[in-house]
Amino acid sequence: MSNREKEQTIALSAVFQAAELVANLAKTGQVDKTYLQPLIDSVLILNADQTEDIYGGQWDCQSNLAIGRKITRQALGKDRNSVNPDTLRYTLSLIHLESKLAKHPEMLSQIGQQITQIAGKKEHYDSVLHENIMASISGMYQDTLSKLPFRIQVHGDSRFLQQAHVANQVRAILMAGVRAAMLWRQLGGKRWHLIFKRKALLNTLDSRS
């Protein structure tokens, strides 16, 4: 197992985790903050020495992405049918959306500037999950990614999706998913790897269990 493969599985697990949280949130109006916080934290981290530092560091990365790692293992292995179809769809959509974003350097620059501004506000709140921070990240998503021709269609219970705080959470998580998809691509990850490199990815995941 190379360090590059290890980092790829971290990024891919974060994409799957974001997709799973969006799927659950859209249908139930609830989200597990244990797995939400490391994703939102990752959005506001612009520089890190290693990929695992973006998700809590060497000691916390695995537990912070536990749900994502579990679903990644299922999706790439023999338990694919046990994965929520919406989670798989959102995962592929996040990877596709990030590939579109990568072709718009001006939008990437805009996102970077907004992240810096939001990160500066973070110290004024007791948690990165404060509704004002979530609303700011949601607004960033609307100002940028929502304007691309390809949009992620989120399906769920309209009673929840019509609530402003739930809609903000959904968009903030999608932003975190795109962040993870960007890492995945920068580390050499490609969409076809999900089919033709499944065994190698699974072996790397299992070696970190």
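Criteria and thresholds
- Residues numbered from 1 in each chain as written.
- Predicted model: local features only at pLDDT ≥ 70, side-chain atom pairs only at ≥ 80, totals over all residues.
- Heavy atoms only, no water.
- Helix = DSSP H or I, 4+ residues; strand = E, 2+ residues; numbered from the N terminus.
- Rg over C-alpha atoms; globule rule 2.2 N^0.38 Å.
- Contact = heavy atoms within 4.5 Å.
- Areas by Shrake-Rupley, 256 points an atom, 1.4 Å probe, with all protein chains shown as cover.
- Phe/Tyr/Trp six-rings, centres within 6.5 Å; stacked < 30°, edge-to-face > 60°.
- Lys NZ or Arg CZ within 6 Å of the ring centre and 35° of its normal.
- Core = buried A, V, L, I, M, F, W, Y, C linked by side-chain atoms within 4.5 Å.
- Buried < 20%, exposed > 50% of the residue type's maximum accessible area, 1.4 Å probe, protein only.
- Expected span 1.5 Å × (residues − 1).
- Polar contact = N/O pair within 3.5 Å; in protein donor to acceptor, adjacent residues only side chain to side chain.
- Patch = residues over 30% accessible without salt bridge, like charges linked within 9 Å, V, L, I, M, F, W, Y side chains within 5 Å.
- Salt bridge = Lys/Arg side-chain N within 4 Å of Asp/Glu carboxyl O.
- Axes fitted to C-alpha atoms, helices over the stretch in contact; angles between N-to-C directions.
- Parallel < 35°, antiparallel > 145°, perpendicular 65-115°, else oblique.
- Nonpolar A, V, L, I, M, F, W, Y, C, P; charged D, E, K, R; others polar.

*Asks:* How do you make sense of the overall build of the protein when you look at a structure like this?
*Replies:* Across its full length, the protein carries 12 helices and zero strands. For 209 residues, the compact-globule estimate of 2.2 N^0.38 gives 17 Å, and the C-alpha radius of gyration of the protein, at 16 Å, lies within 12% of that figure. Based on the C-alpha atoms only, the size of the protein along its principal axes is roughly 40 × 40 × 35 Å. Expressed as a percentage of contacts within the protein between residues at least 6 apart in sequence, the contacts between residues at least 24 apart total 79%. Of the roughly 10300 Å² of accessible surface on the protein, a fraction of 48% belongs to carbon and sulfur atoms.

*Asks:* Help me understand the packing of aromatic side chains in this model?
*Replies:* For any pair of aromatic rings, the description rests on two quantities: the centre-to-centre distance and the angle between the ring planes. The final tally for this structure, using the stated rule, is zero aromatic pairs. Arg 159 extends its terminal NZ or CZ atom over the ring of Phe 160, reaching a point 5.4 Å from the ring centre.

*Asks:* Please explain the nonpolar core as it appears in this structure.
*Replies:* One recurring pattern in soluble globular proteins is that nonpolar side chains are buried together. In terms of nonpolar packing, the biggest core is built from 65 residues, with Leu 39, Tyr 55, Ile 137 and Ile 173 touching the most fellow members. Mapped by element, the contributors of at least two residues to this core are helix H1 (3-28), helix H2 (33-43), helix H5 (66-76), helix H6 (85-101), helix H7 (105-121), helix H8 (131-143), helix H10 (164-186) and helix H12 (198-207). Examining the composition of this core, we find that 13 residues originate from one element, H10, more than from any other. In this view, Ile 137 contacts Ile 40, Val 43, Leu 44, Ile 118, Ala 172 and Met 175; residues no more than four positions away in its chain are not counted.

*Asks:* For this particular structure, what's the right way to read the environment of Asp 86?
*Replies:* Note on placement: Asp 86 falls in helix H6. For the pair Asp 86 and Val 22, spaced 64 residues apart in the sequence, the C-alpha separation amounts to 8.9 Å. Beyond its immediate chain neighbours, meaning those up to four positions away, Asp 86 contacts Ala 23, Lys 27 and His 155.

*Asks:* Would you explain H6 in this entry?
*Replies:* Helical geometry note: an α-helix holds 3.6 residues per turn, so side chains three or four residues apart project in the same direction. In this model H6 runs 24 Å from its N-terminal to its C-terminal C-alpha over 17 residues, within 8% of the 24 Å that 1.5 Å per residue would give. All of the buried residues in H6 are Asp 86, Thr 87, Leu 88, Tyr 90, Thr 91, Ser 93, Leu 94, Ile 95, Leu 97, Glu 98 and Leu 101. In this fold, the buried residues of H6 make contact with H1, H5, H7, H8, H10 and helix H11 (193-196). In this structure Asn 84 caps H6, since a side-chain oxygen of it lies 2.9 Å from the backbone nitrogen of Asp 86.

*Asks:* Where do I start with a nonpolar patch on the surface in this structure?
*Replies:* A contiguous nonpolar surface patch, about 390 Å² in accessible area, is contributed by Trp 192, Ile 195 and Phe 196. Residue position: Phe 196 is located in helix H11.

*Asks:* Could you clarify how one ought to interpret the packing of H1 against H12 in this entry?
*Replies:* In a pair of packed helices, the angle between the axes and the distance between the axes together describe the arrangement. Contact geometry for H1 and H12: axes closest at 9 Å, N-to-C directions at 90°. Between H1 and H12, the crossing angle belongs to the class labelled roughly perpendicular. Across the interface between the two elements, Glu 5, Lys 6, Gln 8, Thr 9, Leu 12 and Ser 13 from H1 touch Leu 201, Thr 204 and Leu 205 from H12. Here the contact of H1 with H12 is built from residues that sort into three nonpolar, four polar and two charged.

*Asks:* Sorry if this is basic, but what is going on with the side chain of Thr 204 here?
*Replies:* For Thr 204, the location among the structural elements is in helix H12. Separated by 3.0 Å, the side chain of Thr 204 and the backbone oxygen of Ala 200 make a polar contact.

*Asks:* Quick question: what am I supposed to make of the pattern of salt bridges here?
*Replies:* When charged atoms on two side chains of opposite charge get close, those side chains can pair. Throughout the structure, instances matching the rule amount to four salt bridges. A salt bridge links Asp 86 to Lys 27; its shortest N-O distance comes to 3.1 Å. You can see Asp 86 sitting in helix H6 and its partner Lys 27 sitting in helix H1, a full 59 residues away along the chain. Note on Asp 86: relative accessible area 14%, which makes it buried. Take Lys 27: its relative accessible area is 41%, and that puts it in the partly exposed class. Arg 185 serves as the salt-bridge partner of Glu 98, at 2.8 Å between the closest nitrogen and oxygen. Residue Glu 98 is found in helix H6, and its partner Arg 185 is found in helix H10; the two are separated by 87 residues along the sequence.

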